[in-house]
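Residues per chain are reported as follows:
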Amino acid sequence: MVINRVKQLFDLSLDPVYVAAAFDAQPELAHFYKPWHGTRLARCWDPYELAISAILGQLVSIQRATWLLAELIAAYGEPAVNPLDGKPLQLFPSPRRLAAETLQQLKVPASKKTAIIQLSQQVADDDSFF
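All of these numbers come straight from a predicted model, not from anything done at the bench.

Asker: Looking at this structure, how should I read the overall build of the chain?
Answerer: Across its full length, the chain carries seven helices and two strands. Ordered by position from N to C terminus, the α and β elements of the chain give α-α-α-α-α-β-β-α-α. Against the 2.2 N^0.38 benchmark of 14 Å for 130 residues, the chain shows a C-alpha radius of gyration of 19 Å, more extended than a compact globule. Summarising its shape, the C-alpha atoms of the chain cover approximately 50 × 35 × 30 Å along the three principal directions. Looking at the chain residue by residue over its 130 residues, the buried ones come to 25%. Split by element, the accessible area of the chain, about 9100 Å² in all, is 62% carbon and sulfur. Taken as two groups, the 12 positive and 13 negative side-chain charges of the chain have centres that lie 6 Å from each other.

Right under this line is the structure:
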């Protein structure tokens, strides 16, 4: 699982030669590709966490989005212990946890709460969602 996540994180399955040939075969698209030849897509370790972060970050500043994410983790995160120093910490909430919550402690519009809950329900119901 870790190897697959690292491959996904760094987009290691990309074949830049294949991508270049595909763009070169379409002259109307080639000019879009040339300045970024060989560039890989930015990815994340956990697509679920990224999706929740995107929902919280919509239409707010980066500072506010960061604060909202910290608030979500503090209120609904999974308690754990840092294996290196033994200090307590909070892990990102699981999809099952957020699917079962009303998210009342989260200071965001109802539409964001609904989006988070619905996404969490879908991910909790289907482990292959991401």
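Asker: Whenever I open this one, the environment of R43 confuses me. Can you help?
Answerer: Position of R43 among the secondary structure elements: in the loop between helix 3 (27-33) and helix 4 (47-57). For R43, a relative accessible area of 36% translates into the label partly exposed. With 35 residues separating them along the chain, R43 and Q8 place their C-alpha atoms 6.8 Å apart. Leaving out residues up to four positions away in the same chain, R43 has contacts with Q8, L9 and D11.

Asker: Even after reading the chapter, I still don't get the pairing of strand 1 (residues 78-81), so can you show me in this structure?
Answerer: Note on strand geometry: in a regular strand, side chains alternate between the two faces of the sheet. Here strand 1 pairs with strand 2 (residues 88-91) via four bridges, running antiparallel. Pairing of P79 across the sheet is with Q90, part of strand 2. If you look at the hairpin formed by strand 1 and strand 2, you'll find six residues sitting between the two strands, and G86 has a positive phi there, around 75°.

Asker: In this structure, what is going on with the packing of aromatic side chains? I would like to understand it.
Answerer: For any pair of aromatic rings, geometry is given as the distance between the ring centres together with the angle between the planes. The final tally for this structure, using the stated rule, is one aromatic pair. For the ring pair Y48 and F92, a centre distance of 6.1 Å and an interplane angle of 90° mean the geometry is edge-to-face. Here Y48, found in helix 4, pairs with F92, found in the loop between strand 2 and helix 6 (95-99); they are 44 residues apart in sequence, far enough to count as distant.

Asker: Is there a simple way to explain unusual backbone geometry in this structure?
Answerer: Phi is mostly negative for residues that are not glycine, and the peptide bonds are mostly trans. A positive phi angle, near 60°, is found at L59, a position not held by glycine. Residue classification places L59 among the exposed residues on the basis of a relative accessible area of 89%. Located in the positive-phi region is L103, a residue other than glycine, with phi close to 60°. Positionally, L103 belongs in the loop between helix 6 and helix 7 (110-125).

Asker: For this particular structure, what's the right way to read the environment of Q8?
Answerer: Mapped onto the fold, Q8 is located in helix 1 (residues 2-9). The residues contacting Q8, other than those within four sequence positions of it, are R43 and P47.

Asker: Can you walk me through the pattern of salt bridges in this structure?
Answerer: In a structure, side chains of opposite charge can pair up when their charged atoms sit close to one another. Counting across every chain of the model gives two salt bridges. Close ionic contact of R97 with E101 constitutes a salt bridge, the shortest N to O distance being 2.9 Å. A residue is classified by how much of its surface remains accessible, and E101, at 23% relative accessible area, is partly exposed.

Cut-offs used in this document
- Residues numbered from 1 in each chain as written.
- Predicted model: local features only at pLDDT ≥ 70, side-chain atom pairs only at ≥ 80, totals over all residues.
- Heavy atoms only, no water.
- Helix = DSSP H or I, 4+ residues; strand = E, 2+ residues; numbered from the N terminus.
- Rg over C-alpha atoms; globule rule 2.2 N^0.38 Å.
- Buried < 20%, exposed > 50% of the residue type's maximum accessible area, 1.4 Å probe, protein only.
- Areas by Shrake-Rupley, 256 points an atom, 1.4 Å probe, with all protein chains shown as cover.
- Lys, Arg positive; Asp, Glu negative; His and termini not counted.
- Charge placed at Lys NZ, Arg CZ, Asp CG, Glu CD.
- Contact = heavy atoms within 4.5 Å.
- Pairing = 2+ DSSP bridges.
- Phe/Tyr/Trp six-rings, centres within 6.5 Å; stacked < 30°, edge-to-face > 60°.
- Salt bridge = Lys/Arg side-chain N within 4 Å of Asp/Glu carboxyl O.

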